[in-house]
Amino acid sequence: MTHHHPAAGDGAAPRPFGRLLTAMVSPFTPDGSLDLDGAARLATHLVDEQGNDALVVNGTTGESPTTSDAEKERLIRAVVEAVGDRARVVAGVGTNDTRHTIELAGAAEKAGAHGLLVVTPYYNKPPQAGLVRHFTAVADATGLPVMLYDIPHRSGVAIATETLVRLAEHERIVAVKDAKGDLVATSWVTSRTDLAVYSGEDALTLAALGIGGVGLVGTSTHLTGALTKRMIEAYDRGETAEALALHRRLLPLFTGIFRTQGTILVKAALAAQGLPAGPVRPPLVDATEAEIDQLRLDCAAAGLELPA
């Protein structure tokens, strides 16, 4: 491969979007409309207090299935305006329709996004040749760097290792958010390509770093960001015992945030902290008192207090 991605400068794997990214929830007002002021405040908190190098907006955690194209564009603009001078803003543009995905990618570029997150087309189960065609068409459509999103348990189709090797030859396909949960496959991707592999599963971050991954696109990192960043940086410095201790400390939240759908519990936690969140949109439902009580226990187990 002749192309070069922005590198860390220390011989480590390239990390085009930094080390720590959070897939940000989309704050809504009590009546369920988009809260752009809240989005700006939440983005500022995630970058300035929680140590995120980049934010993903309009991902599944951002309730992208139930936000309109116009809302997606407004959200990107609000977040870029709030933190774009000091963090990368990566726009989720993936749909199961290549033409619609290309439209969203163009709109995201115009709105000031620094990169694109493109999920495997879901529900219609394209063959691998269809995935190559889809991802290539989207990467060809803008000048922005692309992070592929491999999450077979949601999309129904895995991106095969051979397909990732092929897609890595595209100059703008620079990274993959890996939620496959298959560390052997991940090992082959990091050894056969120069794609920056970001764990798409909070609890597998440390394991992914150990086989050549570069960081995390997280959900629990709305709460654990600062400590997760510390874990990644400790691993980087070769302080693996400290990294493992932090991994074990954070494990109750890395996993606990997914006891029900992640967005639901993140929004409940943010609300408890007095941060912008608001309700979820149907078909999601807001957290129950019992779920919030359990989340409080998971936070406590990780050494983080969630206000009552």
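Quantities reported herein were computed from a predicted structural model and do not represent experimental measurements. (Residues numbered from 1 in each chain as written. Predicted model: local features only at pLDDT ≥ 70, side-chain atom pairs only at ≥ 80, totals over all residues. Heavy atoms only, no water.)

> Can you break down the overall build of the protein residue by residue, with the values?
What the protein contains, in helices and strands, is 12 helices and 8 strands. Relative to the 2.2 N^0.38 estimate, which gives 19 Å for 308 residues, the radius of gyration of the protein is 18 Å and therefore close to what a compact globule would have. C-alpha atoms of the protein, sized along the principal axes, occupy 55 × 45 × 35 Å. When the 308 residues of the protein are sorted by exposure, 55% land in the buried category. Look at the contacts in the protein between residues 6 or more apart in sequence, and 70% of them connect residues 24 or more apart. For the protein, the exposed area adds up to about 12600 Å²; of that, 53% sits on carbon and sulfur atoms. (Helix = DSSP H or I, 4+ residues; strand = E, 2+ residues; numbered from the N terminus. Rg over C-alpha atoms; globule rule 2.2 N^0.38 Å. Buried < 20%, exposed > 50% of the residue type's maximum accessible area, 1.4 Å probe, protein only. Contact = heavy atoms within 4.5 Å. Areas by Shrake-Rupley, 256 points an atom, 1.4 Å probe, with all protein chains shown as cover.)

> Can you lay out the pattern of salt bridges for me, pointing to particular residues and giving the numbers?
Counted according to the given criterion, the structure contains 16 salt bridges. With a closest N to O distance of 2.9 Å, Lys-180 and Asp-150 form a salt bridge. One end of the pair, Lys-180, is in the loop between β6 (173–178) and α7 (183–192); the other, Asp-150, is in strand β5 (residues 146–150), and 30 residues separate them in sequence. As a salt-bridge pair, Glu-242 and Arg-237 come within 3.5 Å of each other at their nearest N and O atoms. The exposure class of Glu-242 is partly exposed, given its relative accessible area of 29%. Each member of the salt-bridge network shares a partner with another, and the members are Arg-15, Arg-19 and Asp-236. (Salt bridge = Lys/Arg side-chain N within 4 Å of Asp/Glu carboxyl O.)

> Kindly report on the UniProt feature "active site" (unreviewed entry) in the protein, identifying the contributing residues and their values.
According to UniProt, the feature "active site" (unreviewed entry) maps to Tyr-149 and Lys-177 in the numbering used here. Spatially, the listed residues are clustered: although they cover 29 residues, their C-alpha atoms lie within 4.7 Å of one another. Relative accessible area serves as the criterion here: at 8%, Tyr-149 is assigned to the buried category. Setting aside anything within four residues of it in sequence, one finds Tyr-149 in contact with Thr-60, Leu-117, Val-118, Val-119, Thr-120, Ile-159, Lys-177 and Ala-179. In this fold, Lys-177 is placed in strand β6. A relative accessible area of 6% means that Lys-177 is categorised as buried. Excluding its chain neighbours within four sequence positions, the residues that come into contact with Lys-177 are Leu-117, Met-147, Leu-148, Tyr-149, Asp-150, Tyr-198, Gly-200 and Val-217. (UniProt positions renumbered as here; feature names shortened; annotations may be inferred.)

> With reference to specific residues and values, describe the packing of aromatic side chains.
This model, assessed by the stated rule, comprises 1 aromatic pair. Measuring from centroid to centroid gives 6.5 Å for Phe-17 and Tyr-198, while their planes differ by 55 degrees, and the two rings are tilted. With Phe-17 in the segment before β1 (20–23) and Tyr-198 in strand β7 (residues 196–199), this pair connects stretches of sequence that are 181 residues apart. Here Arg-281 stacks its cationic end above the ring of Phe-28, 4.1 Å away from the centre of that ring. (Phe/Tyr/Trp six-rings, centres within 6.5 Å; stacked < 30°, edge-to-face > 60°. Lys NZ or Arg CZ within 6 Å of the ring centre and 35° of its normal.)

> Account for the pairing of strand β2 (residues 54–57), naming residues and giving values.
Of the two faces of β2, the one holding Ala-54 and Val-56 and the one holding Leu-55 and Val-57 are both buried throughout. Pairing analysis gives 3 bridges linking β1 to β2, with the strands arranged parallel. Pairing of Thr-22 across the sheet is with Leu-55, part of β2. In terms of handedness, the path from β1 via helix α1 (residues 36–48) over to β2 forms a crossover that is right-handed. (Pairing = 2+ DSSP bridges. Right-handed = clockwise from strand over helix to strand, strands pointing away.)

> Residue-level account of unusual backbone geometry, with values.
A cis amide bond links Pro-282 with the next residue in sequence, Pro-283, at an omega value of 20 degrees. In this structure, Pro-283 sits in the loop between α11 (262–272) and α12 (289–301). Its identity is not glycine, yet Asn-58 carries a phi of approximately 65 degrees, on the positive side. By secondary structure assignment, the location of Asn-58 is in the loop between β2 and α2 (69–83). Notably, Tyr-123 is not glycine yet its phi reads approximately 75 degrees, a positive angle.

> Kindly report on the sheet that holds β5, identifying the contributing residues and their values.
Read once around its circumference, the closed barrel built from 8 strands follows the order β1-β2-β3-β4-β5-β6-β7-β8, with strand pairing classed as parallel. On average, each strand axis in the sheet is tilted by 25 degrees relative to the strand beside it, whichever way the strands run. Note: β1 against strand β8 (residues 215–218), 3 bridges, orientation parallel. Across the sheet, Leu-21 pairs through a bridge with Val-217, a residue of β8. (Axes fitted to C-alpha atoms, helices over the stretch in contact; angles between N-to-C directions.)

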